[in-house]
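Notes for the structure review
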Amino acid sequence: MRIPRYLIRVLNGILLAGLVTADGTSFARDKYETIDAQAFGTGTQMGQNIGVTLNIYEFSAPADRQILLQAYQQGQNKGLVTALQKMKAVGHIEITGTLGYDCSYIAMTVTPTGRKIVFVTNRQIRMGEAWADSNSMSFDLTAGALELNDQDKSKSTGNLYPAAQLVLNKEGQLQWDLLQNPWRLVDLIDWKGTQGIN
């Protein structure tokens, strides 16, 4: 059986596009930093564990932090959520049981033993939550903090706040208000990106 010429051209085009995409993805992937961790529940979630992956495309600029602070001052948590929606993705977070979603803000500071990475982004509201108009919808942020120890990797740790909102406490300081307890991050593996990019 002879295959028509136009069909051969179409198949060649599909294969070529697939190769270009695969190559482009692998080259782009090399420059990203990826941090894998196991999250263990605390309090009422004790005994549960999930996998967490944070892909860092780039770190947020200091100007982004200022934008978020001003947004919070003007509109509290809702202002922060709106400002995060307008920011470009600087990373991607994957949590077991979710499809994963873009991360709008990732900041890094150097510490005596390594680095501290803080991230915050809008939480995906599930269809059941929206339909029931549940109280959980007001906890519309996902945030976390990672303490990476370059001298002793086993001491790297962190916390994940899957459903949170930012509030002022009685002393007038910002703090996370959580829907449930924080998740403790352990077994961190830092796949560093290309030097000088992130």
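Below, the structure is looked at part by part.

Reading guide: rules and limits
- Residues numbered from 1 in each chain as written.
- Predicted model: local features only at pLDDT ≥ 70, side-chain atom pairs only at ≥ 80, totals over all residues.
- Heavy atoms only, no water.
- Phe/Tyr/Trp six-rings, centres within 6.5 Å; stacked < 30°, edge-to-face > 60°.
- Helix = DSSP H or I, 4+ residues; strand = E, 2+ residues; numbered from the N terminus.
- Buried < 20%, exposed > 50% of the residue type's maximum accessible area, 1.4 Å probe, protein only.
- Core = buried A, V, L, I, M, F, W, Y, C linked by side-chain atoms within 4.5 Å.
- Contact = heavy atoms within 4.5 Å.
- Polar contact = N/O pair within 3.5 Å; in protein donor to acceptor, adjacent residues only side chain to side chain.
- Salt bridge = Lys/Arg side-chain N within 4 Å of Asp/Glu carboxyl O.
- Expected span 1.5 Å × (residues − 1).
- Bend = angle between axes of the 7 residues up to and from the residue.

Under the defined criterion, the tally for this structure stands at two aromatic pairs. Taking 4.7 Å as the distance between ring centres and 45° as the angle between the ring planes, the aromatic pair formed by Tyr 32 and Tyr 57 counts as tilted. With Tyr 32 in the loop between helix H1 (5-31) and strand E1 (33-41) and Tyr 57 in the loop between strand E2 (49-56) and helix H2 (62-86), this residue pair connects regions lying 25 residues apart in the sequence. A relative accessible area of 23% places Tyr 32 in the partly exposed class.

For the rest of this paragraph, the subject is the nonpolar core. The tendency in soluble globular proteins is for nonpolar side chains to be buried as a group. In this structure, Leu 54, Ile 106 and Ile 117 are the most contacted members of the largest nonpolar core, which totals 22 residues. Residue contributions to this core peak at four residues, all from E2. In contact with Ile 117, not counting residues within four places along its chain, are Ile 35, Leu 54, Ile 56, Phe 59, Ile 106, Ala 107, Met 108, Gly 144, Ala 145, Leu 146 and Leu 148. Ranked by size, the runner-up nonpolar core spans 16 residues in total, among them Leu 80, Ala 107, Leu 141 and Tyr 161.

As a further point, take the side chain of Thr 121. Mapped onto the secondary structure, Thr 121 falls in strand E6 (residues 114-122). With relative accessibility at 2%, the residue Thr 121 sits in the buried group. Within the structure, Thr 121 has its side chain in polar contact with the backbone nitrogen of Ser 104 (distance 3.3 Å). Setting aside its immediate chain neighbours within four residues, Thr 121 contacts Leu 84, Tyr 101, Asp 102, Cys 103, Ser 104, Asp 140, Leu 141 and Thr 142.

Let us now look at the pattern of salt bridges. Under the criterion given, the structure shown has six salt bridges. When the shortest N-O distance is used, the salt bridge between Arg 115 and Glu 33 registers 2.6 Å. A residue pair is termed long-range when its members are at least 10 positions apart, and Arg 115 in strand E6 and Glu 33 in strand E1 qualify at 82 residues. This pair shows no difference in class: Arg 115 is buried, exactly as Glu 33 is. Where Lys 192 meets Asp 150, a salt bridge forms, and the shortest distance between an N and an O atom there is 3.8 Å. Separated by 42 residues along the polypeptide, Lys 192 in the segment after strand E10 (183-191) and Asp 150 in the loop between strand E7 (141-149) and strand E8 (157-168) bring together distant segments of the chain. The partly exposed category is assigned to Lys 192, whose relative accessible area is 49%. When its relative accessible area of 36% is taken as the criterion, Asp 150 is described as partly exposed.

In this model H2 runs just 16 Å from its N-terminal to its C-terminal C-alpha over 25 residues, more than 12% under the 36 Å that 1.5 Å per residue would give. The sharpest bend along H2 reaches about 135° and sits at Gly 75. Residues Leu 68, Ala 71, Tyr 72, Asn 77, Gly 79, Leu 80, Val 81, Ala 83 and Leu 84 constitute the buried set of H2. Considering only its buried residues, H2 is in contact with strand E5 (105-111), E6, E7, E8 and strand E9 (174-178).

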